[in-house]
Amino acid sequence: MQRIYLNDDWYFIGQYTDELLAPDMDMGKLQKVRVPHTVCETPYSYFDESCYQMVSGYRRTVHVEDEWRKGHLILTFEGAAHEATVYINGQQAVKHYSGYTAFSVDMLPYLTKDCEQVVTVRLDSRETLNQPPFGHVIDYMTYGGIYRDVYLDVKNEYYIEDIYAATPDALLDVKTLKAEVKVNEWTEGLSIAARLDTWTELAPADEDEATMQHWQFSDEVVRFRTSCLTYKVKDAFLWDVEMPNLYVLSIDLKKDGVVVDSKQVRVGFREAVFEEDGFYLNGRILKLRGLNRHQCWPYVGYAMPKSPQQLDADMLKYELGANVVRTSHYPQSQYFIDRCDEIGLLVFTEIPGWQHVGDTRWKKIAVRNVREMIMQYRNHPSIILWGVRINESKDDDAFYHKTNRLAHELDVYRQTGGVRNFKESHLYEDVYTYNDFSHVGGNEGCEPKKAVTSDVRKPYYISEYNGHMYPTKMWDDESHRLEHALRHARVLNDIEANDDIAGGTGWCMFDYNTHKDFGSGDRICYHGVMDMFRNPKLAAAVYKSQADDEIVCEISSSMDIGEYPAGNQGDIYVFTNADSIRLYRNDEFIKEFYPDEETYGAMVHPPVIIDDMIGGQLAEKEQIDVKTAEQLKEIFRELHSNNLHLSPVSRAKFTALLAAKHMSYEEGMKLYWKYTDEWGGDAVTWRFEAVKDDDVVMTIVKAPSSSVTLRIMADRQTLTEENSYDVATVHMEAVDENGKHLSYYQEPLVLKTEGDIDIIGPSIVTMRGGYAGTYVSSLGHSGEGRLMIDSPFGEAVIEFNVVVGQKV
């Protein structure tokens, strides 16, 4: 009863031949690699997607002890893209037709008498395969490789195949825990012992043992291969987005009273239901707010280990203020979903596919994908919805009746959805999930539910919005970046305002590589609120400002007037969760501004609009009465917006106002130049103070930049190898002496390492829109390493420790 991870000591070749099956093959022809692995490391942009489409080969030996032959040896691949044929000692053992779900095979029938067994994988990553998601164009790259964990479970003659745990009445004081336990083979004398314990990793370090909860249940006799068990649990805490309390259900399988196998699954007691009037979590309505996520990174595609997977979940929850994520358009890493369980991030996951539905064989594989997805992921409390329809595909009643029915057979406690991009679609699922791309800037943020489906009694959820409707690059001008952010704000506001819309997931978390048929010609879709390295665009602040974990105050402008035509900045937006923003011009107080409840009143925290750069100065300094001062400011705004031109009506009004104050037109224009930040005037220093509960909680200064600094942030500086290599994510940002982001800094950086680490990707990276990124990997042994970053203004160094522990 042990699990052995097999992520090291693989040998790879880009062109598979049957020579790989030969026991005496010359291994010198192959490249030694570690899993997760990609068949082709790509450039950041401008590459041909055919580079990863190949039939490649992997090979390694597996040591088998003699005593293991008495039981079973279950070899599992968590993810191999996309058609994997596994051979054991030259014999075909299993063939799998999905790159997004796990598959297993018992090695026992294929063993030789030797201790070393040869495992070979023929891996086809060509996009011409007749299986989901292939068959037509796809708006994302699908990559190739054994890119998730590989492991061997050493089992006795009798073992637990699967546990399905459910909590059907979580809101009662005495809760019910149902466990469906399946064994590989039934025989007389089998019994089950179960216990439930607090998942200790979430328990605070300063809590004593009394706070830990334990339940021991009576043994149950196993009478069939599948045992349906019911346990009563008193005073267990609920799993929630704010307090994701987790428990561990441990099942021991006994043969004649002796434990022969043990298996654990995590459990969260929660009730998650989509209703006609929204989504309910544990009996309270919760508006879902989140983003879609692909599982890809620059250079290596899908092939990243545990830490970056967990980091994405953390960023969604803590950096983007999300309470839900959609795993578009396929099931994703168990590490990612595990982390969602741990931090309270809800998940909508779906079967692989994008618009195309293929022939009968293709559909059979898709139905199998439904089975594999639900069987492999149904114990995650974070998952609230199964996507059982090919994303944005046409109606296919017989096909989708089958996928929906199967989902309900395998998991009776979760609802189903299916993403479509057209109205009045046939609906077999429980929730009408719809990609609403109706917002184009000047209209409503989303369509009302009744405009999309006449079945208004069914729950309704917006699964995508924005994205391709307004692609935005890091280095686009400020006006473009602001409009991108405002489009997300408008949709969020209108989703919040519609009580019968359960919520929405914007498209999407970050930019991603795509096929030649999409993107900006450089093989990138710039649809994210972050770039591919997960550096934030302005739109990211829209989401982050909706949470209250920390103070957020993001100013939409650098306050450099040359960024705008004729120097006309227009309104300045502040995406913040503060109560107000105080504005200062050259240390002189201008005005205090408050959230725009009129336009964005449904948002949790509406943005603050700064539309008055003069404030009360005309009244205070020029002794002009408040009414006239306000009228003059309106005239000044029109002058500023129209390149010093006034309409005849405004000009007459301006002349009349000045005459009443015994001022000439020239004197009026001098006032304009004095109080307006205009082309040709002295540069201004602006200070923004975020106020919360009457205290200044954050100060931001915007002034002309006189120096450049490289701000470097690594998500971790200790790399810990457990089951594979570990990876740290390093973000680099160009800022000035006041911390202002420099959006047009585009200089190259030279990366070097020494010691026990290496760089993933190129050694020279270019700042894009003032940001760059890289990844640092461990090399399989403990020690220390240094990342040196050379820039035009010097060298920066990050120190790393590497700890290689026992495989777990």
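Caption draft 1: Expanded view of the sheet that holds strand S13 (residues 160-166). Strands sit in the order S13-S14-S18 across an open sheet of three strands; the sheet is antiparallel. At either end of the open sheet lies a strand with only one pairing partner, and these are S13 and strand S18 (226-234). Adjacent strand axes in the sheet meet at a mean angle of 20°, parallel and antiparallel pairs treated alike. One ladder, built from six bridges, connects S13 with strand S14 (residues 174-183); its direction is antiparallel. The residue bridging Ala166 from the neighbouring strand is Lys178, located in S14.

Caption draft 2: Fine view of the side chain of Gln309. With respect to the helices and strands, Gln309 occurs in helix H1 (residues 306-319). Contact partners of Gln309, with chain neighbours within four places excluded, come to Arg293, Trp297, Tyr302, Met304, Ser333, Tyr335 and Phe336.

Caption draft 3: A look at the packing of aromatic side chains. The final tally for this structure, using the stated rule, is 35 aromatic pairs. Considering the side-chain rings of Phe654 and Tyr665, the 5.2 Å spacing of their centres and the 65° angle between planes classify their relative orientation as edge-to-face. With a gap of 11 residues between them, Phe654 in helix H11 (residues 648-660) and Tyr665 in helix H12 (residues 665-675) connect regions that are remote in the sequence. We classify Phe654 as buried; its relative accessible area is 0%. Connected via pairs of aromatic rings, a cluster forms that spans Tyr52, Tyr100, Tyr140, Tyr143, Tyr147, Tyr302 and Tyr330. Directly above the aromatic system of Tyr151 lies the positively charged group of Arg3, at a separation of 3.9 Å from the ring centroid.

Caption draft 4: Fine view of unusual backbone geometry. The peptide bond linking Val35 to Pro36 adopts the cis configuration, its omega dihedral lying at 10°. Mapped onto the elements of the fold, Pro36 is located in the loop between strand S3 (31-33) and strand S4 (55-63). Along the chain, Pro132 connects to Pro133 via a cis peptide bond; the corresponding omega equals 10°. For Pro133, the position within the fold is in the loop between strand S10 (116-124) and strand S11 (145-146). The phi dihedral of Met559 is positive, around 70°, even though this residue is not glycine.

Caption draft 5: How the structure looks around the side chain of Ser777. Mapping Ser777 onto the fold places it in strand S47 (residues 771-778). Discounting chain neighbours no more than four positions away, the residues touching Ser777 are Leu719, Tyr725, Asp726, Val727, Asp756, Ile757, Asp758 and Ile760.

Caption draft 6: Spatial organisation of the nonpolar core. Of all hydrophobic cores here, the largest spans 148 residues; its most connected members are Leu75 and Phe77. Look past the residues within four positions of Phe77 in its chain and what remains in contact with it is Trp10, Val86, Thr101, Ala102, Phe103, Val119, Val121, Ile146, Asp149 and Val150. Within the second largest apolar cluster, 28 residues are counted, among which are Ile160, Ala165, Tyr247 and Ile251.

Caption draft 7: Quick look at H11. Between the first and last C-alpha of H11 there are 18 Å, a value that for 13 residues agrees with the 18 Å anticipated at 1.5 Å per step. Listed as buried for H11 are Ser650, Phe654, Leu657 and Leu658. Take H11 and look down its axis: the buried residues cluster within an arc of 95°, on one side only. Those residues of H11 that are exposed and aimed more than 90 degrees away from the buried face are Pro648, Val649 and Ala660. Packed against the buried residues of H11 are helix H10 (626-641) and H12. Positive phi appears at His662, one or two residues downstream of H11, with a value of about 60°.

Caption draft 8: Representation of the sheet that holds strand S35 (residues 572-576). The strand order across the open sheet formed by three strands is S34-S35-S38, and the pairing between neighbours is antiparallel. Two strands in the sheet have a free side with no partner beyond their single neighbour: strand S34 (553-555) and strand S38 (608-610). Between one strand axis and the next, the sheet turns through 20° on average, direction left out of account.

Definitions and cut-offs
Residues numbered from 1 in each chain as written. Predicted model: local features only at pLDDT ≥ 70, side-chain atom pairs only at ≥ 80, totals over all residues. Heavy atoms only, no water. Pairing = 2+ DSSP bridges. Helix = DSSP H or I, 4+ residues; strand = E, 2+ residues; numbered from the N terminus. Axes fitted to C-alpha atoms, helices over the stretch in contact; angles between N-to-C directions. Contact = heavy atoms within 4.5 Å. Phe/Tyr/Trp six-rings, centres within 6.5 Å; stacked < 30°, edge-to-face > 60°. Buried < 20%, exposed > 50% of the residue type's maximum accessible area, 1.4 Å probe, protein only. Lys NZ or Arg CZ within 6 Å of the ring centre and 35° of its normal. Core = buried A, V, L, I, M, F, W, Y, C linked by side-chain atoms within 4.5 Å. Expected span 1.5 Å × (residues − 1). Arc of directions from axis to C-beta.

None of the figures reported here should be taken as evidence of function without further support.
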